[in-house]
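Close look at the chain arrangement
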Amino acid sequence: MSDAAIFSLAGAEPAPRRRLRPTAGRLLLGLGLVMLTILVLITLLAPLVAPFDPSATSPQSLEGSSSQHWLGTDAIGRDVLSRIIVGGRTTLFITFTAVSLALLAGLVLGLLSGYVGGWVDEVIMRILDVIFAFPVFLLAIAVVAALGPTVPNLILTIAIVYTPAMSRVVRGPVLSVKKWDHVEAARSIGMSEWRIVTRHVLPMVVSPIVVATSLTLAQTIFTVTALSFLGLGPPPPDPNWGGMLADARQFMELAPLTVVGPAAAIVFATLTFIVLANGLREVLDVGSER
Amino acid sequence: MIMGASQTGDDSPLVEVRDLTVTFPARSRHPAFTALNGVTFDIARGETLGLVGQSGSGKTTTGRAVLQLQKISRGSVKLHGRELTAMRADELRRMRRHMQFVLQNPYSSLHPRMTIAQTLTEPLIVHQAVTPARYRERVAELLELVSMDPAIMDRYPHEFSGGQRQRIVIARALAVNPDFVVCDEPVSALDVRTQAQIVSLLHSLQEKLKLSYLFIAHDLAIVHEVCRKVAVMYRGEIVEKGSVSQVYDNPTHPYTQMLFDSAPVLDPSLQRQRLRMPPPEPATLAAGHPDSACAFGEIHAVSSTPAWHEVAPGHGVSCRYRPA
Amino acid sequence: MTASDPILSVRDLTARIVSRKQIVDAVKGVSFDIARGEAVGFVGESGCGKSVTARAIMRLAPEGTRVELGGSVHFDGQELLPMSEAAMRDVRGRRIAMVFQDPMTSLNPVITVGAQIDDILRRHTGLSGRAARARTVELLDQVGIPAPAQRADDYPHQFSGGMRQRVLIAIAISCDPDLLIADEPTTALDVTVQAQILRLLLRLREERGMSLMLITHDFGVVAGMVERVNVMYGGRIVEAASVDDIFRAPTHDYTRALLAAVPRLDRHGVAP
């Protein structure tokens, strides 16, 4: 140690932290995947997992936790735990379908505007800018209120609302990747534009899209439950998390579990995708060079 | 095997470029810009033409325009006697198996997430050059052609050095047996010893496969080692053209002379003297006006001749960009 | 061979680069001197350790890595390796300055060139406001930028590669360093521009009596520029000699191979 020195460049980022990053990223990703597995398993197996019929009423209303009803019962005696488990189905179904649609639209529009460029880019981006200019939530309320609160309408609305953001996520990296030499090289060997896009451009932009999709899922869960909370969600009697919160709100002091239960479910699901997104971001090295 | 060979006969040049002009239209803040102006040259079968100039001189644009990777404003490019500039997209794509491109930067011209085998298979798939059952065999052949071990075919580009990657890029260009390869500064990103190896590889491939090259470089020394003919570009125009011995023994355009004066010599005392002389200043080269007498005493607006003068058979020089 | 009054004296320098993926012994015991006002060339191929050696003197590590140094770097009576980071910052830029290969990435794209130089002058020399700007214009003029007062208000992207390299050289000499380290300063440039930059470095060095450490892979670049050459290979100096000797009679096989590989204008190739 007498004449050895240890130093690092660009003081902003001390070396040891950098070296910890991949491990931390993998831990986050692992945690996210475990949470996702729990979420998906419970949702898929909901009818088998739920201890009671979520719509079956009973005279024991607004009961606290018991060995029978772990999270108690609601105002008309339905089992809260069963309703959370089954209600997750509706919320998550809307979320996944809507985000898938937004992703698909974002891929098509983002690739078109980024890769083709020119006036195509101008037109697409201007139209998306108009949608983008509205606050997501306000726009969603307006559209659902206009179309009526059915499940397909909710899905469509949320897909439209998140399409501009997804398009931008795709367009950005496409813009830089299309200037890379290997794209020019592919063109010079006579490859068709479709093949260039699918083989040389898309694979290079997958990582940021995966991360953005995960984050959008988290946001969407929140938007869906919030809309339902405002009464713009799927119609009763099928349970959903936002609706449950809205119903339980007035009995919050009498039966706190009827509020805490669905709230915890929303937080868990949202957190799942945020943790996943951050894990993916670290592991896929999105945001840094390559 | 060669399309169109019968139409042109064997002694006609493989590549004929006439009056190639590329103009970038004016954009909001930038005025219209002529990147190439009336570029004309031939490349015979099995021959190499060196294209030298500084960055921004239009040499890379020339390469891309010849390969139809750049939209041209005027002029003609013929390969095997067939006009490329008027071809339909699918026809042109098929034509691409005869003309290939080796780019400057071997780090960015390979897809980072594709194995060497996948990269080398792509042109085979695109042009249906061999049956799928023979892909790996052909990839192995190609790697041997550029003196690499076929065993590496399932590895990724980042595992290789710049020189090795450039060999892989060359192998990709040769996958479908082209006749003509545009090499855009293929060695300028490499160390000197690696440069020498790649240059000798290009030579041996030319001998073996009867290739024609358009070899683009910014430095006269490397062209001297690679080419027999050379064209010097300045501001989008060819200002001097001839055999390497003609141009190197008797550089006639002031810009060519400037390039020679700038090239370092491997003799410390001579180089010290050269560095003490006033630096070559490209700013002194004025375009000249067609209405006034040029350096050769001709008024081109009157004689309506191109601004081009033969100083020896096959050795021509432009009277543009030189003090009259 | 050893300089009588070395401003820089490096002994048994070792550098081990520790990154996320691997550990590399990039410099394996390098010793050399650079005298006051002397120019020394370091020639070798990528990965030979020449750039790491230069950065080790500046105590700079490549992005995302940590470098463990051993040996000694003695600069003008001070030992640099055990120095505190704060003290080292004072040496960097002020006493030892560096010019890098890529003039594109070394400048801040959103700040005018003049403001970037003003800033350095204010920090290192305590000049203020108008005085700093006057000095900036003077520096830009010294490195041969035409209309320096106007160009000072331009952004880096408005300069050509060669002009940008001149700006970097202006920044490097702004605090009158005793030693200028130029790491492949002309590799990204055209031959005509390369000739101009080499002339500029030669002139500045003579005017200011500054020492120069010129790092390159190209023997052509060092030929007229330096008094002595160190050839590096595999993290070691394999040959050290005066520039005239090394061109006339290289002794190491590697030096000979490097010299033979340089393309030359005066030797006819085998072109078809």
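Residues numbered from 1 in each chain as written. Chains lettered and ligands numbered in written order. Predicted model: local features only at pLDDT ≥ 70, side-chain atom pairs only at ≥ 80, totals over all residues. Heavy atoms only, no water.

**A look at the overall build of chain A**
Where we set the bar: Every helix listed is a DSSP run of H or I at least four residues long, and every strand listed is a run of E at least two residues long, numbered separately from the N terminus. Accessibility here uses a 1.4 Å probe with only protein chains present; expressed as a share of the type maximum, an area under 20% marks a residue as buried, one over 50% as exposed, and anything in between as partly exposed. Contacts are assigned to residue pairs with any non-hydrogen atoms lying within 4.5 Å of each other. In these tables, accessible area is a Shrake-Rupley quantity obtained with a 1.4 Å probe, and a residue counts as shielded only by the protein chains included in the view.
Within chain A, the regular secondary structure consists of 10 helices and one strand. The buried share among the 290 residues of chain A stands at 44%. Across chain A, every contact between residues at least 6 apart in sequence was considered, and the portion connecting residues at least 24 apart equals 72%. For chain A, the computed accessible surface area is about 14100 Å², with 70% contributed by carbon and sulfur atoms.

**A word on the pairing of strand β11 (residues 308-312) of chain B**
Side-chain direction in a regular strand flips from residue to residue, so the side chains alternate between the two faces of the sheet. Residues and elements named next belong to chain B. We apply this condition: Two strands pair if DSSP finds at least two bridges between them.
By the bridge criterion, four bridges tie β11 to strand β12 (residues 315-318) in an arrangement that is antiparallel. Directly across from histidine 309, in β12, lies its bridge partner valine 317. What sits between β11 and β12 in their antiparallel hairpin is a turn of two residues, with glycine 314 showing a positive phi close to 85 degrees.

**What to know about the packing of aromatic side chains**
Selection criterion: Pairing of aromatic side chains requires ring centres within 6.5 Å, counting the rings of Phe and Tyr and the six-membered ring of Trp. Pairs whose planes differ by under 30 degrees are stacked, by over 60 edge-to-face, and all others tilted. As a reminder, the over-ring test applies to NZ of lysine and CZ of arginine, requiring each to be within 6 Å of the ring centre and within 35 degrees of the ring normal.
Applying the stated criterion to the full structure yields eight aromatic pairs over all chains. Relative to phenylalanine 273 of chain A, the ring of phenylalanine 96 of chain A has its centre 5.9 Å away and its plane inclined at 75 degrees; by these criteria the two rings are edge-to-face. Note that phenylalanine 96 of chain A is positioned in helix α3 (residues 80-116) and phenylalanine 273 of chain A in helix α10 (residues 257-284), a separation of 177 residues in sequence. Assessed through its relative accessible area of 33%, phenylalanine 96 of chain A is described here as partly exposed. Under the relative-accessibility criterion, phenylalanine 273 of chain A is labelled buried at 2%. Summarising the aromatic geometry, the rings of phenylalanine 219 of chain C and phenylalanine 247 of chain C are spaced 5.4 Å apart at their centres and angled 80 degrees between planes, so their arrangement reads as edge-to-face. In this pair, phenylalanine 219 of chain C sits in helix α8 (residues 219-222) while phenylalanine 247 of chain C sits in helix α9 (residues 243-248), placing the two residues 28 residues apart along the sequence. Among the aromatic residues, ring-to-ring pairing joins Tyr234, Tyr255 and Tyr321 of chain B into one connected group. One residue, arginine 151 of chain C, lies across the ring of phenylalanine 159 of chain C, its end atom 4.1 Å from the ring centre.

**Let's talk about the interface of chain B and chain C**
For the record, the criterion: A 1.4 Å probe defines the accessible area here, and the buried area is the portion of it lost by two parts on being joined, summed over both. One side-chain nitrogen of Lys or Arg within 4 Å of one carboxyl oxygen of Asp or Glu is enough to make a salt bridge. For this classification, Asp, Glu, Lys and Arg are treated as charged, while Ala, Val, Leu, Ile, Met, Phe, Trp, Tyr, Cys and Pro are nonpolar and the rest, including Gly, are polar.
If you look at the interface, chain B gives 43 residues, while chain C gives 39 residues. Here chain B and chain C share an interface that buries about 3700 Å² over both sides, 60% of which is from carbon and sulfur atoms. Connecting chain B to chain C are three salt bridges. Of all the secondary-structure elements, those providing two or more residues to the side of chain B that touches chain C are α7 (192-209), α8 (220-226), α10 (254-262) and α11 (268-276) of chain B. Of the residues contributing to the side of chain B that touches chain C, the split by class is 23 nonpolar, 11 polar and nine charged.

**What to know about the interface of chain A and chain B**
With 16 residues of chain A at the interface, the matching set in chain B holds 22 residues. Taking both partners together, chain A and chain B bury about 1900 Å²; carbon and sulfur atoms supply 56% of that area. On the chain A side of the interface with chain B, the three residues burying the most area are Glu184, Ser188 and Ile189 of chain A, jointly 31% of the side's total. Taken together, the links from chain A to chain B amount to two salt bridges.

**Overview of the confidence of the model for chain A**
Residues and elements named next belong to chain A. Where we set the bar: Here pLDDT means the predictor's own confidence in every residue, given as a number from 0 to 100.
Taken over all residues, the pLDDT of chain A has a mean of 82, while the share at 70 or more is 91%. Within chain A, the lowest mean pLDDT, 36, falls on strand β1 (residues 5-7), and the highest, 91, falls on α3. Segment residues 1-20 is flagged for pLDDT under 50; beyond a separation of four residues in sequence, or across chains, it makes 32 contacts in the model.

**Considering the confidence of the model for chain C**
On average, residues of chain C carry a pLDDT of 88, and 94% of them reach 70 or more. The complex model carries a pTM of 0.79, and its ipTM stands at 0.84.

**Things to note about the packing of α3 of chain A against helix α8 (residues 193-229) of chain A**
Residues and elements named next belong to chain A. Operational definition: Helix axes are fitted only over the stretch in contact, all axes being lines through C-alpha atoms; the angle between N-to-C directions runs from 0 to 180 degrees. Crossing chirality is assigned from the near helix's rotation relative to the far helix, an anticlockwise turn below a right angle marking it left-handed and a clockwise turn marking it right-handed.
It is the contact of α3 with α8, at a shortest axis distance of 8 Å, that shows an interaxial angle of 145 degrees. In this structure, α3 meets α8 at a crossing whose hand is right-handed. Tallied by class, the residues present in the contact of α3 with α8 amount to 16 nonpolar, six polar and one charged.

**What to know about unusual backbone geometry**
Across residues other than glycine, the phi torsion is negative in most instances, and most of the peptide bonds are trans. Non-glycine residue aspartate 19 of chain B carries a positive phi angle of around 50 degrees. If you trace the backbone, aspartate 19 of chain B turns up in strand β1 (residues 15-24). Although it is not a glycine, aspartate 176 of chain C adopts a positive phi angle of roughly 50 degrees. Residue position: aspartate 176 of chain C is located in the loop between α6 (161-173) and β7 (179-183).

**Re the environment of threonine 43 of chain A**
All names here are of chain A. Examined against the element boundaries, threonine 43 turns out to sit in helix α1 (residues 15-44). For the pair formed by threonine 43 and isoleucine 85, sequence separation is 42 residues and the distance between their alpha carbons is 6.6 Å. In this structure, threonine 43 is in contact with Gly88, Arg89 and Leu92, ignoring residues within four places of it in sequence.

**As for the pattern of salt bridges**
By the definition in use, this model includes 45 salt bridges over all chains. Note that arginine 151 of chain C and aspartate 154 of chain C form a salt bridge whose closest N and O atoms lie 2.8 Å from each other. Each member of the pair arginine 151 of chain C and aspartate 154 of chain C is classed as buried. Members of the salt-bridge network, linked through shared partners, are Glu122, Arg126, Asp129 and Arg168 of chain A.

**Details of the packing of α3 of chain A against helix α6 (residues 151-177) of chain A**
Residues and elements named next belong to chain A. Two elements in contact, α3 and α6, have axes separated by 5 Å at closest approach and are oriented at 35 degrees. Crossing of α3 over α6 shows right-handed handedness. Tallied by class, the residues present in the contact of α3 with α6 amount to 21 nonpolar, seven polar and one charged.

**Description of empty space enclosed by the protein**
Going by this rule: With a 1 Å grid spanning the protein atoms alone, the term cavity applies to any set of points in which a 1.4 Å probe fits but cannot get out, the term pocket to an open set with protein on both sides within 12 Å along at least five of seven lines, and the term lining residue to any residue with an atom within 4 Å of a point. Grid points are joined across faces, edges and corners, and a volume is the space filled by probe spheres set on the points.
The full count for this structure, using the stated rule, is one cavity of 30 Å³ or more. For the largest cavity, the calculated volume is near 60 Å³. Lining the largest cavity are Asp261, Ser262, Ala263, Pro264, Gln271, Arg274 and Leu275 of chain B together with Gln194, Ala195, Leu198 and Arg199 of chain C. When residues of the lining of the largest cavity are traced back to their parent elements, those giving at least two are α10 and α11 of chain B together with α7 (191-208) of chain C.

**Side note on the side chain of arginine 151 of chain C**
Residue and element names in this part refer to chain C. Spelled out, the test is: Pairs of N or O atoms within 3.5 Å make up the polar contacts considered here, provided that, within protein, one atom can donate a hydrogen while the other can accept it, and that residues adjacent in sequence are counted only when both atoms are side-chain atoms.
Within the secondary structure layout, arginine 151 lies in helix α5 (residues 148-151). A polar side-chain atom of arginine 151 sits 2.9 Å from the main-chain carbonyl oxygen of glutamine 158. Those residues within four positions of arginine 151 in sequence are excluded, and the remaining contacts are Ile145, Pro146, Gln158 and Phe159.

**Quick word on the sheet that holds strand β8 (residues 211-216) of chain C**
Residues and elements named next belong to chain C. Strand order in the open sheet made by the six strands is β6-β7-β8-β3-β9-β10, with mixed pairing throughout. Looking at which strands have only one partner, the edges of the open sheet turn out to be β6 (96-99) and β10 (236-242). Pairs of neighbouring strands in the sheet enclose a mean axial angle of 20 degrees, with direction left out of account. Of the pairings in the sheet, the one linking β7 to β8 comprises five bridges and is parallel in character. In the sheet register, aspartate 183 faces β8, and the bridge partner there is isoleucine 215.

**Side note on the layout of surface pockets**
Here the second largest pocket defines a volume of roughly 1400 Å³. Along the walls of the second largest pocket sit 35 residues, with Arg187 of chain A together with Arg64, Leu69, Gln70 and Lys71 of chain B positioned nearest its centre. Of all the elements in the fold, those that place two or more residues in the lining of the second largest pocket are α3 and α7 (181-188) of chain A together with β1, α2 (59-66) and α3 (89-95) of chain B. Of the residues contributing to the lining of the second largest pocket, the split by class is 15 nonpolar, eight polar and 12 charged.

**A word on the UniProt feature "transmembrane region" (unreviewed entry) in chain A**
All names here are of chain A. Going by this rule: UniProt positions are given in the numbering used here, feature names are shortened, and annotations may be inferred rather than shown by experiment.
Within this numbering scheme, the UniProt entry marks residues 27-50, 92-115, 127-147, 153-170, 201-234 and 254-280 as carrying the feature "transmembrane region" (unreviewed entry). Along residues 27-50 one finds 92% helix and 0% strand; the C-alpha atoms at either end are 30 Å apart. Between the C-alpha atoms that bound residues 127-147 there is a distance of 21 Å. The span itself is 90% helix and 0% strand.

**Quick look at the pairing of strand β6 (residues 99-102) of chain B**
Residue and element names in this part refer to chain B. Of the two faces of β6, the one carrying Met99 and Phe101 and the one carrying Gln100 and Val102 are both buried. Of the pairings in the sheet, the one linking β6 to strand β7 (residues 180-184) comprises four bridges and is parallel in character. Its bridge partner being in β7, valine 102 is matched across the sheet by cysteine 183.

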